[in-house]
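Spelled out, the chains give:
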Amino acid sequence: MENNPSLFAAAALESPVDLAAALALPATSGHFDELHGRTLAKPAPAAPQGQSQQQSQSSLHLAGTAPAAAAPDACAVPETPARLAPDWHRFFNFLGGEGFEDLNHRAANLRRQIRDNGVTYNVYADADGPQRPWSLDLFPLVLSAADWAHISAGISQRARLLDRIMADVYGPQQLLSLGLLPTALVQGHPGYLRAMHGVQPAGGTFLHIAAFDLARGPDGRWWVVSQRTQAPSGLGYLLENRLAISRLFPQAFREMKVQALAASYKALIDGMKAHSPAGAGATDKRIVLLTPGPYNETYFEHAYLARYLGLTLVEGSDLLVRDNRLYLKTLQGLEPVHGLLKRLDDEFLDPLELRSDSTLGVPGLLQAIRAGNVLVANAPGSAFLESSALLGFLPALSRHLLDEPLALPSLATWWCGEQAALQEVLPLLKDCVIKGTYPGSGIDSVIAQTLSRRELDEWAGRLLRRSDDYTVQAYLPLSQTPTWHGNRLAPRSAMLRVFAVADGNGSWQVLPGGLARLAGPNDKIASMQQGGSSADVWALGEPDAGAAAHAPDASGKRGTAHEPAAPEPGAAARAASLSRHKPPVTSRAAENLFWLGRYTERTENAIRLAQLTLQSLSGEDQSSEPLLAWLSELTVKNGLVLDSVPSATQARRVFERSLIASLADTESAASVGYNLRALKGAASAVRERLSQEQWHVIVRAEEDFFRRCEAFSGPEHPAAQALEYSSVEALHALESASSFLAAMTGAQTDRMTRDDGWRLLSTGRHIERLNTLAAALVLGFETGAVHDEGGFGAIVALFDSTITFHAQYQQQRDVPALLDLLVFDRDNPRSLGWVVQTLRGRLARLAENTVGAPQPVPDLTPGLPDPGAWQMDDLYNPDPRLPEDQRYEGLLTRLEQCCSAAFDLSDTLSRRYFSHVSADEHSLGA
């Protein structure tokens, strides 16, 4: 978006603050205006005052413009607001010399940073694919120190209350006996787990993370709209938001004393370690983060959090329960797990006791929890706390359990399962929102103001017939915060999600700030699934606090000057253990790294072979029968061309068009596009181990290749009508893909820690290289291509050794020279001797690092030939009296041995490191 200089010049204002006031579009009447700190009055019918006996939550966040029912009255401000709120006044004063003229440039940088960092939010219903860039607005939502102090105190209180409620529900159940909680909302809720009744979780804490959705009403007060306890999302996204926005407004971030986030994340992990069953003195407590996998909508956040918190990212298949204890499957064998930070809903956790069709969980996990051998955050069974009806009962529960009134109010809510509440809300229904009480009921939230009179009567009838299934909540016009859109400050309705974490000392820390979700310009909901956006949240500190604070570092942390602290008890022992500690490599991660290596090499080989074939079909050797025969068999063998296509010796142009048509085919062929997509799939499963730059290269490689291929083989040019396919354009696409592959291989070589996971990645690459090049050389002799001038050069080119060959042998074209460079030379990384030698070294190091594993480590190298024992006389007999095929009999035998050794080695590695079974073991059952 281009700046509008005339707009800025016409303002003729002296400061960014004045310009902000001039460029700000007015907030919708009846909504609190965050920018100006007030609400424009809106004519509205009288609304009921006070709160009902019940409060509610929902994933639907209202952002419309209709009048509120049973919600705070608007503060009447008859005139159009012009003066900015004090905190926004300070913010715009720190825009810098270029002021508003630089905002479009900053917005473009923000979009580029989000894209380059690979920040995505998966949307299942998105027709454009499961992944899309995370949406982040340029301006933060600014909370004053007073607002934040009030919010923080209220959220901390509510977190304590929810933990106490859960402890009672799965313990003595006094709340049910006293009638303070309806049995239907607890034991009738599908999220209540009877298998957890009577269970005391490790450390005695049921909840470790709780999220609360808040909205500011027209009167400027904050109201709790919903709460999340199963696996609340947002902790990773809000951290990414903070890093991005603080870099765009560094002076404002520093001078406004925005509170830092890092301490809350540390408190979460410290709390889990303190409560874990490993023992108070244990220094090697292992906490892992359980994710549903790459297809979950917030998978980016899971990988991001695991990397930031230093946790191992695991899927259910990485874990197993043995003797009521949880173990992690690693290359070194089974290693105990003491804590599990789960990112999936309870019903998927254990297929033995919960959903039997779940492949995401761990069989036997609930039994390990009951035995007190593993801490799970949060403890399974908290889903009933998320019910849309529970909020209405919290005021009485707070007085009973905490002997305190709630510091933060909730929106008026009526659970229709109580007849008094039902009769009270029916006359108010037209100004409310109707929601389902239980998840999975198929009841979508309905804004009653959008219904006709007949539809409203029909809904009233449903409430009377199935009252337990419905909850009604008052409508609240959400506050509107400024966003930068179209060279104007456009107001957008906002919901605030705030997180509380248990710190292990019996108290809760509220993460300062949170995640703001913004509705679209014409939307009535603020939902990421519905295409909404997000904003960073700046919780400001007190003006006189933090005088010693310095600017945030790259991680967003803010430091303060203190006297040197005394060493913690046991610090020396922990420091000593650090030198011996290496993060485990899970079997799943190892397998994906192995296949990442294989697909990287396979893609590189496919690109080189496709380039070589297209160049040869149009080059000076296009009439060479041995060359065309070799290329035909090799492309079919490697999946670049279907075996039903006539060979290049029969129909050269048909073969060429088929090769080009298959380049981006991901269904019927295994060409470049298929391998690029498989490479990306393997990389996405180990994203937490890859740098942002490395992941960005992988994503761009796939996007660039398919975009280029669409230009010459799109839907308007089906394969059956491929007369206009351009080999020149195809070569350009392959050349671009080759450049991306060079960047990928460079990152794999120089930018990854050389642990056992990396060794398996490297092993996968060399297994693929050994099999591909050995098979190509066999075909070279079988088709006679090695004895043809064009074929000889093509074989050297496929081995990526043309420059080296010319430098060493000039124009020599004999077989001994070919074998010397491509088979024997262990200084040439493309020679078979170098590949086998490297493989043997990688395997030896793997075996060395798993000496202490419970399963004995087999010798992985017997099938691999020893290149040190290779002799030219054994592989090639130059005696002219021998038939041609007998001269190379030893060589062909050795090449076939290399191919079979590659396949056998792949199977052996899979059994040993990925499936954890030996060759003579068999598994029965599903």
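In what follows, the structure referred to is the one given above.
Before going into details, it helps to say that this report is about the structure given with it. Only a predicted model underlies this, so the values are computations on that prediction, with no experimental measurement involved.

## Details of the overall build of the protein chain
Then comes step 1: On a plain count of helices and strands, the protein chain comes out with 30 helices and 22 strands.
Then comes step 2: Sorting the 926 residues of the protein chain into buried and exposed places 56% on the buried side.
Then comes step 3: Considering only residue pairs separated by 6 or more positions, the protein chain has 74% of its internal contacts joining residues 24 or more positions apart.
Then comes step 4: Only carbon and sulfur atoms are counted for the fraction: they give 49% of the accessible area of the protein chain, which is about 38000 Å².

## Regarding the nonpolar core
Then comes step 1: Formed by 103 residues in total, the largest nonpolar core has its most connected members in Trp630, Phe705, Met744, Leu770, Leu777, Ile795 and Leu832.
Then comes step 2: In this view, Leu777 contacts Ile795, Phe799, Leu818, Val823, Leu832 and Leu895; residues no more than four positions away in its chain are not counted.
Then comes step 3: If you look at the next biggest cluster of nonpolar residues, it comprises 71 residues, including Leu141, Leu143, Trp148 and Leu401.

## What about the packing of aromatic side chains?
Then comes step 1: Here the structure, examined in full by the defined rule, presents 27 aromatic pairs.
Then comes step 2: Both rings, one in Phe792 and one in Phe805, keep their centres 5.5 Å apart while their planes meet at 65°; by these two values the pair is edge-to-face. One end of the pair, Phe792, is in helix α24 (residues 789–798); the other, Phe805, is in helix α25 (residues 802–809), with 13 residues separating them in the sequence. Across the pair, exposure class does not vary: Phe792 and Phe805 are buried alike.
Then comes step 3: What links up through ring pairs into an aromatic cluster is the set Trp88, Phe91, Phe92, Phe100, Phe139, Phe249, Phe253, Trp484 and Trp538.
Then comes step 4: Sitting above the plane of the Trp459 ring, Arg462 keeps its charged end 4.5 Å from the centroid.
Then comes step 5: Between Arg677 and the ring centre of Phe706, over which it is positioned, the NZ or CZ distance is 4.3 Å.

## Quick notes on the environment of His302
Then comes step 1: Inspection of the secondary structure assignment puts His302 in helix α11 (residues 299–309).
Then comes step 2: Residue class for His302 comes out buried when judged on its relative accessible area of 1%.
Then comes step 3: Spatially, the C-alpha atoms of His302 and Pro292 are 9.2 Å apart, while their sequence positions differ by 10 residues.

## Here's the deal with the side chain of Arg286
Then comes step 1: Checked against the element boundaries, Arg286 lands in the loop between α10 (262–275) and β7 (287–290).
Then comes step 2: Those residues in contact with Arg286 that lie beyond four places of it in its chain are Leu328, Glu335, Pro336, Val337, His338, Gly339 and Pro584.

## Quick word on the packing of helix α27 (residues 832–849) against helix α30 (residues 889–914)
Then comes step 1: α30 packs onto α27 with a crossing angle of 20° between their chain directions and a minimal axis gap of 13 Å. Relative to α30, α27 is oriented roughly parallel. For the pair α27 and α30, the sense of crossing is left-handed. Contacts from Leu832, Leu839, Leu843, Leu846 and Ala847 of α27 reach α30 at Leu895, Leu905, Leu909 and Tyr913.
Then comes step 2: Broken down by class, the residue content of the contact of α27 with α30 amounts to 9 nonpolar, no polar and no charged.

## Things to note about the sheet that holds strand β13 (residues 375–377)
Then comes step 1: If you walk across this open sheet you meet the 4 strands as β8-β7-β12-β13, and the pairing is parallel. The sheet is open, and its two edges are formed by β8 (312–314) and β13, each paired on a single side. The mean inter-strand angle of the sheet, taken between neighbouring strand axes irrespective of direction, is 25°.
Then comes step 2: In this structure, β7 lies alongside strand β12 (residues 339–342), joined through 4 bridges in parallel fashion. Paired with Ile287 across the strands is Gly339, a residue of β12.
Then comes step 3: Seen against the sheet, α11 touches β7, β8 and β12 and runs at an angle of roughly 150° to β8.

## Observations regarding the pattern of salt bridges
Then comes step 1: Taken as a whole and assessed by the stated rule, the structure comprises 38 salt bridges.
Then comes step 2: Salt-bridge contacts for Glu458 lead to Arg454; the nearest nitrogen and oxygen are separated by 3.6 Å. Placement of both Glu458 and Arg454 in helix α15 (residues 453–465) is noted, with a separation of 4 residues, approximately one turn of the helix.
Then comes step 3: Under the relative-accessibility criterion, Glu458 is labelled partly exposed at 34%.
Then comes step 4: Asp704 is paired through a salt bridge with Arg707; the nearest N and O atoms lie 2.8 Å apart. Of this pair, Asp704 and Arg707 both sit in helix α21 (residues 692–713), 3 residues apart, which is roughly one turn of that helix.
Then comes step 5: Residue classification places Arg707 among the exposed positions, given a relative accessible area of 51%.
Then comes step 6: A single salt-bridge network, built from bridges that share partners, covers Glu601, Glu604, Arg608, Arg765, Arg769, Asp800 and Arg830.

## Comments concerning the sheet that holds strand β9 (residues 319–322)
Then comes step 1: The sheet built from 3 strands is open, its strands ordered β9-β10-β11 with antiparallel pairing. Looking at the sheet topology across the chains shown, the edges are occupied by β9 and β11 (333–336). When strand polarity is set aside, the average angle formed by the axes of neighbouring strands in this sheet is 45°.
Then comes step 2: As paired strands, β9 and strand β10 (residues 325–330) are joined by 4 bridges and run antiparallel to one another. The residue of β10 that forms the bridge with Val321 is Leu326.

## Topic: unusual backbone geometry
Then comes step 1: A cis amide bond links Ala377 to the next residue, Asn378, at an omega of -5°.
Then comes step 2: Structurally, Asn378 can be placed in the loop between β13 and α13 (394–401).
Then comes step 3: Although it is not a glycine, Asp800 sits at a positive phi angle of roughly 55°.

## Some thoughts on the pairing of β10
Then comes step 1: For β10, the buried fraction is high: 5 of the 6 residues fall into the buried class.
Then comes step 2: Linking two consecutive strands that pair antiparallel, namely β9 and β10, is a turn of 2 residues; a positive phi of about 55° is found at Asp323 within it.
Then comes step 3: As paired elements, β10 and β11 share 4 bridges and run antiparallel to each other. Looking at β11, one finds that Thr330 is bridged to Gly333.
Then comes step 4: Connecting β10 to the next strand, β11, in antiparallel fashion are 2 residues.

## Concerning the packing of helix α2 (residues 16–23) against helix α3 (residues 86–93)
Then comes step 1: The geometry of α2 relative to α3 is characterised by a closest axis approach of 8 Å and an angle of 115° between their N-to-C directions. Crossing geometry of α2 relative to α3 is assigned as right-handed. For the pair α2 and α3, the contacting residues are Pro16, Val17 and Ala20 in the first and His89, Phe92 and Asn93 in the second.
Then comes step 2: Here the residues of the contact of α2 with α3 sort into 4 nonpolar, 2 polar and no charged.

## Description of the pairing of strand β6 (residues 222–228)
Then comes step 1: In terms of burial, β6 is a largely internal element, 7 of the 7 residues being buried.
Then comes step 2: The pairing of strand β5 (residues 209–216) with β6 spans 6 bridges and is antiparallel. Looking at the pairing, Ala215 lines up with Trp223 of β6.
Then comes step 3: Connecting β5 to the next strand, β6, in antiparallel fashion are 5 residues, including Gly220 with a positive phi near 90°.

About the criteria used
Residues numbered from 1 in each chain as written. Predicted model: local features only at pLDDT ≥ 70, side-chain atom pairs only at ≥ 80, totals over all residues. Heavy atoms only, no water. Helix = DSSP H or I, 4+ residues; strand = E, 2+ residues; numbered from the N terminus. Buried < 20%, exposed > 50% of the residue type's maximum accessible area, 1.4 Å probe, protein only. Contact = heavy atoms within 4.5 Å. Areas by Shrake-Rupley, 256 points an atom, 1.4 Å probe, with all protein chains shown as cover. Core = buried A, V, L, I, M, F, W, Y, C linked by side-chain atoms within 4.5 Å. Phe/Tyr/Trp six-rings, centres within 6.5 Å; stacked < 30°, edge-to-face > 60°. Lys NZ or Arg CZ within 6 Å of the ring centre and 35° of its normal. Axes fitted to C-alpha atoms, helices over the stretch in contact; angles between N-to-C directions. Parallel < 35°, antiparallel > 145°, perpendicular 65-115°, else oblique. Left-handed = near helix turned anticlockwise from the far one by under 90°. Nonpolar A, V, L, I, M, F, W, Y, C, P; charged D, E, K, R; others polar. Pairing = 2+ DSSP bridges. Salt bridge = Lys/Arg side-chain N within 4 Å of Asp/Glu carboxyl O.

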